[in-house]
Amino acid sequence: TVDRRRILDRAIIDGRLVAMPAKHSRRLVVLDHIAQCFEPGRRYTERQVNAMLASIDGDTAALRRYLVDERFLDRAGGEYWRIGGTFATE
């Protein structure tokens, strides 16, 4: 949608997170976009998650925490996997 595109255009520039929205609904749009980097059904080590998130933002711990807290990713035994978000249509 137009709103989704506008939110992402303000938060992510050239693939880098420049501003995490304060408003929860907008933050969810950004996190959903980031979660699409993770393949459903695949498990990732924390190192792999950090490597993927580092290309988006330097604060990988905060991004991991947001993704887990908002139920886009889950974790157990040192592994992470995608449990939420929309699927890319491209």
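For the structure itself, consult the block above.
A. Expanded view of the packing of helix 3 (residues 46-54) against helix 4 (residues 60-69). Remark: helix 3 packs on helix 4, axes separated minimally by 9 Å, with the N-to-C direction vectors making an angle of 105°. Accordingly, the angle class assigned to the pair helix 3 and helix 4 is roughly perpendicular. Facing helix 3, whose interface residues are Glu-46, Val-49, Asn-50, Leu-53 and Ala-54, helix 4 presents Thr-60, Leu-63, Arg-64 and Leu-67.

B. Structural detail: the pattern of salt bridges. For the structure shown, the criterion picks out five salt bridges. With a shortest N-O distance of 3.3 Å, Arg-6 and Asp-3 are connected by a salt bridge. Of this pair, Arg-6 and Asp-3 both sit in helix 1 (residues 2-11), three residues apart, which is roughly one turn of that helix. The salt bridge partner of Arg-43 is Glu-79, with a shortest N-O separation of 3.6 Å. Remark: Glu-79 occurs in strand 5 (residues 79-82) and Arg-43 occurs in strand 3 (residues 43-45); sequence separation between them is 36 residues.

C. Fine view of the pairing of strand 5. In this sheet, strand 5 lies alongside strand 3 in antiparallel orientation, the contact comprising three bridges. The partner of Tyr-44 across the bridge, within strand 5, is Tyr-80. Alignment of strand 4 (residues 73-76) against strand 5, held across four bridges, turns out to be antiparallel. Residue Asp-74 lies in a different strand from strand 5, and its bridge partner there is Trp-81. Linking two consecutive strands that pair antiparallel, namely strand 4 and strand 5, is a turn of two residues; a positive phi of about 55° is found at Gly-77 within it.

D. Expanded view of the sheet that holds strand 4. Ordered by their spatial adjacency, three strands build an open sheet running 3-5-4, and the pairing between neighbours is antiparallel. Edge strands, defined here as strands with exactly one partner in the open sheet, are strand 3 and strand 4. Within the sheet, the average angular offset between the axes of one strand and its neighbour, ignoring direction, is 30°. In the packing of helix 3 onto the sheet, contacts are made with strand 3 and strand 5, and the angle to strand 3 comes to roughly 85°.

Conventions used here
- Residues numbered from 1 in each chain as written.
- Predicted model: local features only at pLDDT ≥ 70, side-chain atom pairs only at ≥ 80, totals over all residues.
- Heavy atoms only, no water.
- Axes fitted to C-alpha atoms, helices over the stretch in contact; angles between N-to-C directions.
- Helix = DSSP H or I, 4+ residues; strand = E, 2+ residues; numbered from the N terminus.
- Parallel < 35°, antiparallel > 145°, perpendicular 65-115°, else oblique.
- Contact = heavy atoms within 4.5 Å.
- Salt bridge = Lys/Arg side-chain N within 4 Å of Asp/Glu carboxyl O.
- Pairing = 2+ DSSP bridges.

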